[in-house]
Amino acid sequence: QQQVRQSPQSLTVWEGETAILNCSYEDSTFNYFPWYQQFPGEGPALLISIRSVSDKKEDGRFTIFFNKREKKLSLHITDSQPGDSATYFCAANMGYKLTFGTGTSLLVDP
Amino acid sequence: DMKVTQMPRYLIKRMGENVLLECGQDMSHETMYWYRQDPGLGLQLIYISYDVDSNSEGDIPKGYRVSRKKREHFSLILDSAKTNQTSVYFCASRGQPNTGQLYFGEGSKLTVL
């Protein structure tokens, strides 16, 4: 049973466009939702995160929108750059356990 | 400098051989993790270690065991490796409790023939 789901599996956008990556979860006890960015050959690295008491978190070109009632969140990447091409993982945290989604592979075409 | 180091980075073994993957961190973090990553499946949790000799199974512990004798060092052991354990294994450590701030190593790619 996949507790954290992501869509789409892959996404291609043009440079300068906004990329929207979606995530949903099952367990209402999850209270913290980080997004990780992973480049080929590297480990994932924390990009941005949000707590369940908030509905929006912004950090430069990256914004998380969170809907607790629907158990959904999304990552918006504005003015996408070729350097943003990577795999993005949504994750959900409860206590010591961090559960990851299956990832979205983003390609930004110049 | 905060760093998680994994060794070896690449490993090829035959089915039935034993495998030792090692992980070190220089941040004195109490909690450490082993995940495996497979295409289309994301990162799956194998084991959590809360501190020295305090380990807990994750979601897919079957076929694996771990050892943590020092806070800075966490090992993943495969006794009699199987071909379906071919994967990329990631070690991570956590700085703050109740957050998702994990620091990952660069991964160990294991191929079991």
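Data block above holds the structure.
So, here is what we can say about the structure in this document. These numbers were taken from a predicted model, which means no experiment stands behind them.

Basis of the calculations
Residues numbered from 1 in each chain as written. Chains lettered and ligands numbered in written order. Predicted model: local features only at pLDDT ≥ 70, side-chain atom pairs only at ≥ 80, totals over all residues. Heavy atoms only, no water. Disulfide = S-S within 2.5 Å. Helix = DSSP H or I, 4+ residues; strand = E, 2+ residues; numbered from the N terminus. Buried < 20%, exposed > 50% of the residue type's maximum accessible area, 1.4 Å probe, protein only. Core = buried A, V, L, I, M, F, W, Y, C linked by side-chain atoms within 4.5 Å. Contact = heavy atoms within 4.5 Å. Lys, Arg positive; Asp, Glu negative; His and termini not counted. Salt bridge = Lys/Arg side-chain N within 4 Å of Asp/Glu carboxyl O. Polar contact = N/O pair within 3.5 Å; in protein donor to acceptor, adjacent residues only side chain to side chain. Pairing = 2+ DSSP bridges. Axes fitted to C-alpha atoms, helices over the stretch in contact; angles between N-to-C directions.

**What to know about the state of the cysteines**
Here the structure, examined in full by the defined rule, presents two disulfides over all chains. Put simply, Cys-23 of chain A and Cys-90 of chain A are joined by a disulfide, and their sulfur atoms are 2.0 Å apart. Torsion about the S-S bond of the Cys-23 of chain A and Cys-90 of chain A cystine: about -70 degrees, corresponding to left-handed handedness. Of this pair, Cys-23 of chain A sits in strand β3 (residues 19-25) while Cys-90 of chain A sits in strand β9 (residues 86-94), and the two are 67 residues apart along the sequence. Note on accessibility: Cys-23 of chain A and Cys-90 of chain A belong to one class, buried. For Cys-23 of chain B, the disulfide goes to Cys-91 of chain B, at an S-S distance of 1.9 Å. The chirality of the disulfide connecting Cys-23 of chain B with Cys-91 of chain B is left-handed, given an S-S dihedral of about -75 degrees. Of this pair, Cys-23 of chain B sits in strand β3 (residues 19-25) while Cys-91 of chain B sits in strand β9 (residues 87-94), placing them 68 residues apart in sequence. Residues Cys-23 of chain B and Cys-91 of chain B agree in their burial class; the two are buried.

**Here we look at the nonpolar core**
In this structure, Trp-35, Leu-73, Leu-75 and Tyr-88 of chain A are the most contacted members of the largest nonpolar core, which totals 25 residues. When residues of this core are traced back to their parent elements, those giving at least two are β2 (10-14), β3, β4 (32-38), β5 (45-51), β7 (62-67), β8 (72-77), β9 and β11 (104-109) of chain A. If we skip the residues at most four places from it in the chain, Leu-73 of chain A touches Leu-21, Asn-22, Cys-23, Tyr-25, Phe-33, Trp-35, Ile-64, Phe-65, Phe-66 and Cys-90 of chain A. Of all hydrophobic cores here, the second largest spans 20 residues; its members include Leu-11, Cys-23, Met-32 and Phe-74 of chain B.

**Some words on the side chain of Arg-68 of chain B**
Residues and elements named next belong to chain B. Inspection of the secondary structure puts Arg-68 in strand β7 (residues 65-70). For Arg-68, which is buried and forms no salt bridge, the nearest opposite charge comes from Asp-51, at a distance of 4.7 Å. At 2.9 Å, the side chain of Arg-68 forms a polar contact with the side chain of Ser-49. Engagement of the side chain of Arg-68 in a polar contact is seen with the backbone oxygen of Arg-71, the distance being 2.6 Å.

**As for the sheet that holds strand β1 (residues 4-7) of chain A**
All names here are of chain A. Pairing within the open sheet is antiparallel, and its five strands lie in the order β1-β3-β8-β7-β6. At either margin of the open sheet sits one strand with a lone partner, and together these are β1 and β6 (56-59). Neighbour-to-neighbour, the strand axes of this sheet turn through a mean angle of 15 degrees, independent of strand direction. Where β1 meets β3, four bridges bridge the pair, whose relative direction is antiparallel. Each residue of the ladder has a partner; that of Arg-5, found in β3, is Ser-24.

**Some details on the environment of Ser-93 of chain B**
Residues and elements named next belong to chain B. Looking at where Ser-93 falls in the secondary structure, it is placed in strand β9. Looking at Ser-93, the relative accessible area reads 0%, which means it is buried. Considered as a pair, Ser-93 and Ser-28 are 65 residues apart in the sequence and their alpha carbons are 9.2 Å apart. In contact with Ser-93, not counting residues within four places along its chain, are Val-4, Gln-25, Met-27, His-29, Thr-31, Met-32, Gln-101, Leu-102 and Tyr-103. Of note is the side chain of Ser-93, whose polar atom sits 2.9 Å from the side chain of His-29.

**Topic: the environment of Gln-6 of chain A**
Residue and element names in this part refer to chain A. Looking at the element boundaries, Gln-6 is found in strand β1. Residues Gln-6 and Val-108, spaced 102 residues apart in sequence, show a C-alpha to C-alpha distance of 18 Å. Sequence-distant contacts of Gln-6, defined by excluding residues within four places in its chain, comprise Asn-22, Cys-23, Trp-35, Tyr-88, Phe-89, Cys-90, Gly-101, Thr-102, Gly-103 and Thr-104. One polar contact links the side chain of Gln-6 to the main-chain carbonyl oxygen of Tyr-88, over a distance of 3.0 Å. In terms of polar contacts, Gln-6 uses its side chain to reach the backbone amide nitrogen of Gly-103, at 2.9 Å.

Keep in mind these values describe shape, not function.
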